[in-house]
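# Architecture at a glance
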Amino acid sequence: MRKSFSDLMSDVILEDICCYCGACGAFCENVFYENETPYAKNCFDCGMCYDVCPRTEINVESLEKKFLNGVREDETLGFYREIICARTLDEEIRGVCQDGGFTTTLLVHLLEEGIVDACIVAKSYNWNPQPFIAKSRKDILESAGSKYTQCPSLLALGKALDEGLRVAFVGLPCHIQAVRKLQDLDYAFNGEIVLTVGLFCMETFNSSKFFRYLEEIGIDLDSVRRFDIKKGKFIVEGDGRREIPIKDMKHLMRDGCRVCLDFSAELADVSVGSVGSPNGWNTVILRSEKALDVFEGIKDKVEVKNIGEKGLNALRKLAEMKKSENMKNLKASIVR
Ligand SMILES: Cc1cc2nc3c(=O)[nH]c(=O)nc-3n(C[C@H](O)[C@H](O)[C@H](O)COP(=O)(O)OP(=O)(O)OC[C@H]3O[C@@H](n4cnc5c(N)ncnc54)[C@H](O)[C@@H]3O)c2cc1C
């Protein structure tokens, strides 16, 4: 029998495993959000919200085969064709990006070459990320940098597909899972998802807890220029620099992240992060043939080097850590 929003409510929302990706509300005008929690009015039981949710059943191997045209040999990182270190050669992007600026450089290239009409990104409103349809280099640069709370990016994707746009989508592993589940439905949209770019992710923070915590420890959001997570530290740069051990912030983690086993956005065409690379560089995992193609197109816009065994081990270690820690929570939630 088809599942409906009430099943989503019992299996995901009431279990506290919703990741607020926006998928359930992106293709249904009867799903709304309050305090980052979905609710429905006048649901007509079509089941799409349940089918696209990254927290309901997902067959990763089958999606990997369908969208990446490969079968994983590496259980920790998923299927990939190449892993490299890269950083942008664009000075302006270097000034606004989080790490090596590979993501922003790639998006600008796709847009300026006419490969896409728009990019779905997360724009910061005083560090609160909101889904945004970027249609120019300026839009993309204004949305660069990491925001460490959850963004319902699928909401902008739904709107862009409705408008008939060809898009590149940037998101966390949970977003990418939702996008692949959506594509797997073979639903006829007006627009098209041309490329998915996944960001490495250990977890996001629950936004109300996170912003309250920053206030309590005396951080004025208006003065923050950059947040970062490196080597077990949460770093705040603005009026000076603060470093907080990430283990002291574990209580701020979004509940819905505790059951996620995907660190490296295993279903994305291309995954981007920093672990495994020197400061100011990105670790880039090229997974699909499409990713290899677009990478060819930006070779003169980025500097590239080998990741090396040490870098690869650091990446594997973090991905493995997320899987093993969250597997315990997943088992506990199934038992419950
Ligand atoms: C919540 C979070 C946790 C992360 N954890 C890790 C980690 O543990 N280890 C690691 O190596 N890397 C992690 N990353 C990835 C890292 O912070 C950089 O995003 C990545 O290295 C890309 O760098 P860049 O210079 O190419 O990014 P940029 O060129 O600055 O582009 C970043 C892109 O990400 C989008 N974005 C920013 N925040 C969000 C968000 N919350 N949701 C969706 N899209 C967003 C922006 O709109 C922009 O398009 C994390 C990122 C996020 C957002």
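Residues numbered from 1 in each chain as written. Predicted model: local features only at pLDDT ≥ 70, side-chain atom pairs only at ≥ 80, totals over all residues. Heavy atoms only, no water.

## Focus: the side chain of T149
The topology assignment puts T149 in the loop between α7 (137–142) and α8 (154–162). In contact with T149, other than residues within four places in its own chain, are W127, N128, P129, T204, F205, S207, F210 and F211. (Helix = DSSP H or I, 4+ residues; strand = E, 2+ residues; numbered from the N terminus. Contact = heavy atoms within 4.5 Å.)

## Some thoughts on the sheet that holds strand β9 (residues 233–238)
Taken in spatial order, the 3 strands line up as β8-β9-β10 in an open sheet, and their pairing is antiparallel. Unpaired on one side and paired on the other, β8 (226–230) and β10 (240–245) mark the two borders of the sheet. On average, each strand axis in the sheet is inclined to that of its neighbour by 20°, with strand direction left out of account. In the sheet, β9 pairs with β10 via 6 bridges, with the strands oriented antiparallel. Across the sheet, the residue bridging to V236 is R242, located in β10. (Pairing = 2+ DSSP bridges. Axes fitted to C-alpha atoms, helices over the stretch in contact; angles between N-to-C directions.)

## A word on unusual backbone geometry
Outside of glycine, negative phi angles account for most residues, and trans bonds account for most peptide bonds. We note that N42 has phi near 55°; this positive angle belongs to a residue other than glycine. Looking at the secondary structure, you find N42 in the loop between β2 (37–40) and α3 (48–52). Residue classification places N42 among the exposed positions, given a relative accessible area of 66%. Look at A265: it is not a glycine, yet its phi comes out positive at around 50°. (Buried < 20%, exposed > 50% of the residue type's maximum accessible area, 1.4 Å probe, protein only.)

## Brief notes about the packing of helix α6 (residues 102–112) against helix α11 (residues 289–297)
Between α6 and α11, whose axes approach to 10 Å, the crossing angle comes to 85°. Considered as vectors, α6 and α11 are oriented roughly perpendicular to each other. Taking contact as the criterion, the partners of F102, L106, H109 and L110 in α6 are, on α11, V294, F295 and G297. Looking at the contact of α6 with α11 residue by residue, the classes come out as 5 nonpolar, 2 polar and no charged. (Parallel < 35°, antiparallel > 145°, perpendicular 65-115°, else oblique. Nonpolar A, V, L, I, M, F, W, Y, C, P; charged D, E, K, R; others polar.)

## Considerations on the site of the ligand
Near the ligand, the surroundings consist of 34 residues, among which D99, T103, T104, S146 and S274 are the closest. A distance of 2.8 Å is found between an oxygen atom of the ligand and a backbone nitrogen or oxygen belonging to S274. V275 is positioned with one of its backbone polar atoms (N or O) 2.8 Å from an oxygen atom of the ligand. When isolated, the ligand has an accessible area of 910 Å², and the protein chains bury 98% of it. Elements with a minimum of two residues in the shell around the ligand: α6, β4 (118–125) and β11 (270–273). (Near = heavy atom within 4 Å. Polar contact = N/O pair within 3.5 Å; in protein donor to acceptor, adjacent residues only side chain to side chain. Areas by Shrake-Rupley, 256 points an atom, 1.4 Å probe, with all protein chains shown as cover.)

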